[in-house]
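One-letter residues, chain by chain:
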Amino acid sequence: MDRFFYLTFDGLSRGAVYAAFALALVLIWRAARIVNFAQGAMAVAAVYVAYSVTGATGSYWLGFAAALVFGLLLGIAVEKAVMRFVDHSSPLNGVVVALGLVLITQGVLGMVYGNEYRPVTTPFRRDAFDVGGIALLSRYDVFVFAAVGAVVVALTLLFTRTAAGLRMRAAAFAPDVSRLLGVPVGGMLTLGWALAAAVGSLAGMLVVPTELGLHPTAMDVVFVSAFTAAVVGGLDSPIGAVTGGLIVGLLLSYVSGYLGATVAPMAVLLLLVVVLLGRPGGLFSSSKARLA
Amino acid sequence: MAVNPDEPYRKQSGLLEVEDLTAGYGAAPVLHDVRFTVRPGQIVAVLGANGAGKTTLLRALSGLVEADHGRIVFDGEDLRDVKVEQMVRRGIAHVPEGRGVVTELTVDENLRLGGLWRRDRADAARALDEVYDLFPALAQRRASAGHQLSGGERQMLALGRALIGRPRLLLLDEPSLGLAPRITAQILALLRELRDRTGLAVLLVEQNVRSALSVADEGIVLSLGRVVTRNSAADLRDDADLRHAYLGF
Ligand SMILES: Nc1ncnc2c1ncn2[C@@H]1O[C@H](COP(=O)(O)OP(=O)(O)OP(=O)(O)O)[C@@H](O)[C@H]1O
Ligand SMILES: [Mg+2]
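Residues numbered from 1 in each chain as written. Chains lettered and ligands numbered in written order. Predicted model: local features only at pLDDT ≥ 70, side-chain atom pairs only at ≥ 80, totals over all residues. Heavy atoms only, no water.

What counts is decided by this rule: UniProt positions are given in the numbering used here, feature names are shortened, and annotations may be inferred rather than shown by experiment.
As annotated in an unreviewed UniProt entry, chain B carries the name ABC transporter ATP-binding protein and is attributed to Actinoplanes siamensis. Annotation of chain B in UniProt includes, under Sequence similarities (unreviewed entry), the sentence "Belongs to the ABC transporter superfamily."

An unreviewed UniProt entry annotates chain A as Branched-chain amino acid ABC transporter permease originating from Actinoplanes siamensis. In its Sequence similarities (unreviewed entry) section, UniProt records this for chain A: "Belongs to the binding-protein-dependent transport system permease family. LivHM subfamily." Under the UniProt heading Subcellular location (unreviewed entry), the entry covering chain A gives this text: "Cell membrane".

As for the packing of helix α1 (residues 2-32) of chain A against helix α8 (residues 185-207) of chain A
Residue and element names in this part refer to chain A. This is how the line gets drawn: To get an axis, fit a line to the C-alpha atoms, keeping to the stretch in contact for a helix; angles then go from 0 to 180 degrees between the N-to-C directions. Only runs of H or I of at least four residues qualify as helices and only runs of E of at least two qualify as strands under DSSP, and these elements are numbered from the N terminus. Angle categories: roughly parallel below 35 degrees, roughly antiparallel above 145, roughly perpendicular from 65 to 115, and oblique for all the rest. What makes a crossing left-handed is the near helix being turned counterclockwise from the far one by less than a right angle; a clockwise turn instead makes it right-handed. In this description, contact between two residues means that some pair of their heavy atoms is separated by no more than 4.5 Å.
Where α1 meets α8, the axes come as close as 8 Å, and the angle between the chain directions of the two elements is 165 degrees. Considering their axes alone, α1 and α8 lie roughly antiparallel with respect to each other. The handedness of the crossing between α1 and α8 comes out as left-handed. In contact with V17, A20, F21, L23, A24, L27, I28, A31 and A32 of α1, α8 contributes L189, G192, W193, L195, A196, V199, G200, A203, L206 and V207.

Some points on the site of ligand 1
All names here are of chain B. Defined as follows: Nearness of a residue to a molecule or strand requires only that one of the residue's heavy atoms be within 4 Å of it. Whenever a nitrogen or oxygen atom comes within 3.5 Å of another N or O atom, the pair is scored as a polar contact, on the condition that within protein one atom can donate a hydrogen and the other can accept it, and that pairs from neighbouring residues in sequence are kept only if both atoms are in side chains. We get accessible surface area from the Shrake-Rupley algorithm with a probe of 1.4 Å; when it comes to residues, only the shown protein chains can shield them. The classification used treats Ala, Val, Leu, Ile, Met, Phe, Trp, Tyr, Cys and Pro as nonpolar, Asp, Glu, Lys and Arg as charged, and all other residues, Gly among them, as polar.
Near ligand 1, the surroundings consist of 13 residues, among which K54, T55, T56, E97 and Q207 are the closest. K54 places a side-chain nitrogen or oxygen 2.8 Å from an oxygen atom of ligand 1. With the chains in place, 58% of the 630 Å² that ligand 1 exposes on its own is no longer accessible. Among the elements that line the shell around ligand 1, the one with the most residues is helix α1 (residues 54-61), at three residues. A class-by-class count of the residues in the shell around ligand 1 yields four nonpolar, six polar and three charged.

Structure (structure tokens):
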């Protein structure tokens, strides 16, 4: 039973990161109907920036802030310089361009930083402390929950309580109508990319220390899990992304705990296939609003 | 910003002047050398068969369709370089074909969206209250999602949302589509009332020629993208040949 609790908490803390990363995918999907396959590479680039800043200043938090700001700017740059010019007549175009961005980003990072794994620092200890006699959570896990929780709350407030959030939602659902009502739809799209890339960078900052270390391809496997989480959640739904992230995190944790770590990636792929076949709209797809 | 109701015909020249407008989608233009004027406080009906180019005309006026040549002048300003999202700031509100209710947003969110661009927040809030007074059915459904509304409620929502910007020119594309005759009559009567009260000018695209001509001051008839007739609403109503040739009744 102890082991079950341990795996559950471990799964939730992994899942929180997938949730954040899936949220980033959902933000862009809602704004632009593109699955940003470059999200992982962009996040890694931001983590490298943090690595450099922390290396130069000795401060984790300066590096942390630099990663988020860099992510924001990178999102703006990618949208304004690349994605804006993608022809949307076929959904494949965006995917191909994003994959091209992955290759370029990973190539540049490899040239600048080299292709070896680099150890990264964490702001809190990663060894678990005891809760009621069971070692469940580390301080770092608590930090992850708090950071992801803060992002979820901030995004929820943004979308439901602010004028910018209302504009972003309207621009995503009905661009022409929104323009007729004075919404600068292009600007909202850029804002969506900026926010998504910043959230993706945060997810990268949280997950890289828990994996093998920093490497240009460090987020590739995480991307698959987060993409599955987003699909499970329906791609359109922020709540779905968070729930999907936690589901995938728990699945990975239980499967690797009870069946072995090598089986875990297959379990994620299996989940992806089952959801795509069984409920392609995701488990949380909001009912037929667009058809109305 | 409404026209001062005390002097609705202050400007003698047109509020909207369209000169030799040619526009369409890609290679072959849909509209050819369209030319007409809308004066402040005037209701002009745009009539014509399916595919005549009525919707395209409204879309060209609000910038959603690019003009190939010709001029669109609103209140003395050439609209050529004005972006779509700036039109509402000029005083042009476009209620598109199919109403354009954002079905994922609630009634209240749809209405607030119509006023977000306004600097005068106090007046935007006042306008919101006025719309709820004007359409009590909407006030009861503030929190309902757009896709839960009936056709008539959607039309009220689209119209109300446009009014929150206090436009000077309303571009209205087939408000009667799918509505019961009684509701259509209510909406058209409302247009007249708004015109009388605020000096609002309306360009009204309608399939329902009879009702359109009953509220309009003038009508223009489009056929294959050209203006074939422009006349007072009364004369158009009486012109049997024209009705047979272009309007089908
Ligand atoms: N998006 C588009 N791309 C290409 N052609 C279009 C497009 N929209 C309309 N057209 C063409 O332009 C012409 C005029 O269409 P428009 O929608 O303006 O007609 P309408 O008078 O509004 O008709 P209806 O009464 O059916 O609404 C038609 O021949 C139509 O096929
Ligand atoms: Mg039409």
